[in-house]
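Structure at a glance
Here are the chains, one letter per residue:
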Amino acid sequence: MSEKDFDREIMDDSMEESDLAPDLISLIDDDGKEYEFEILDSYDCDEGHYIAIIPYTPDAEDDLENDGDLMILKAVDDEEGDGEDGDFYYSPIEDDEEFNRISAIFVSRLEEFYDIVEDSGDE
C-alpha cells in the first residue's frame, strides 16, 4: 500500500466517523436555560426553514428511557438582532394549518427510521 493510499484510507475512516455523529443544536429558553437537541431532519420550502428535533442524551442507556418527543421548529427572522442579515431563532409553529402540513412532511420522511406515535392532544 502506498503512502497516498494510506492517507486516503485514514481520510475515509474519519469521514465515516463524522457521518455517525449526531447533528446537535443548543437552544436557550425564555428563562436563559440551555438545552441540547439532536436534529433528525430539516426541511426548506417557500414558507421557510424547519427542523425536527428530539432531546439529546449522550448516554445510550438514557436514550432508551427518553420518550423522544419530536419537536418541529421554524426559523424566524430576528428583528430584534443587531440588524445583520441571516439572524434568526427557532420558534414553535404557531399556525395550526402550517404545523399540520409541515409535521406531515416530517412524519413521512422519518417514519421509516423511527417509531412515530402521533399525540392526539388528549391528556
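Residues numbered from 1 in each chain as written. Predicted model: local features only at pLDDT ≥ 70, side-chain atom pairs only at ≥ 80, totals over all residues. Heavy atoms only, no water.

A few points about the overall build of the chain
Helix and strand counts for the chain come out as three helices and five strands. Secondary structure elements in the chain, listed N-terminal to C-terminal, are α-β-β-β-α-β-β-α. (Helix = DSSP H or I, 4+ residues; strand = E, 2+ residues; numbered from the N terminus.)

Re the pattern of salt bridges
Applying the stated criterion across every chain yields a total of four salt bridges. In this structure, the salt-bridge partner of Arg 109 is Asp 41, at a minimum N-O distance of 2.7 Å. Here Asp 41 lies in strand β2 (residues 34-45) and Arg 109 lies in helix α3 (residues 96-110), a separation of 68 residues in the sequence. On the basis of relative accessible area, Arg 109 is assigned to the partly exposed category, the value being 35%. Exposure remark for Asp 41: the relative accessible area of 15% places this residue in the buried category. Glu 47 is paired through a salt bridge with Arg 101; the nearest N and O atoms lie 2.6 Å apart. With a gap of 54 residues between them, Glu 47 in the loop between β2 and β3 (48-55) and Arg 101 in helix α3 connect regions that are remote in the sequence. In the salt-bridge network here, residues are joined through shared partners; they are Glu 47, Glu 97 and Arg 101. (Salt bridge = Lys/Arg side-chain N within 4 Å of Asp/Glu carboxyl O. Buried < 20%, exposed > 50% of the residue type's maximum accessible area, 1.4 Å probe, protein only.)

A word on α3
Compared with an ideal rise of 1.5 Å per residue, which puts 15 residues at 21 Å, α3 spans 20 Å between its outermost C-alpha atoms and is within 8% of the ideal. Among the residues of α3, those classed as buried are Glu 98, Ile 102, Ser 103, Phe 106, Val 107 and Leu 110. The buried residues of α3 occupy an angular sector of 155° when the element is viewed end-on, so they sit on one face. On its buried side, α3 packs onto β2, β3 and β4 (71-77). (Expected span 1.5 Å × (residues − 1). Arc of directions from axis to C-beta. Contact = heavy atoms within 4.5 Å.)

A look at the packing of aromatic side chains
The tally for this structure, following the rule as stated, stands at two aromatic pairs. Where Tyr 43 meets Phe 106, the ring centres are 6.4 Å apart and the plane angle is 75°; that geometry is what we call edge-to-face. Separated by 63 residues along the polypeptide, Tyr 43 in strand β2 and Phe 106 in helix α3 bring together distant segments of the chain. When the ring of Phe 88 is compared with that of Tyr 90, the centres are 5.4 Å apart and the planes differ by 90°; the resulting orientation is edge-to-face. (Phe/Tyr/Trp six-rings, centres within 6.5 Å; stacked < 30°, edge-to-face > 60°.)

Some thoughts on the confidence of the model for the chain
Model confidence for the chain is summarised by a mean pLDDT of 77, while 67% of its residues fall at 70 or above. Confidence drops under pLDDT 50 across residues 1-17; counting only partners more than four residues distant or on other chains, this segment forms two contacts. (pLDDT = per-residue confidence, 0-100.)

So, the pairing of β3
Bridge count between β2 and β3: eight bridges; the pairing is antiparallel. Looking across to β3, one finds that Glu 38 is bridged to Ile 54. Counted along the chain from β2 to the antiparallel partner β3, the turn is two residues long. (Pairing = 2+ DSSP bridges.)

Some points on the side chain of Ser 91
Tracing the backbone shows Ser 91 in strand β5 (residues 88-92). Residues contacting Ser 91, with those up to four places away along its chain left out, are Leu 73, Lys 74 and Val 76.

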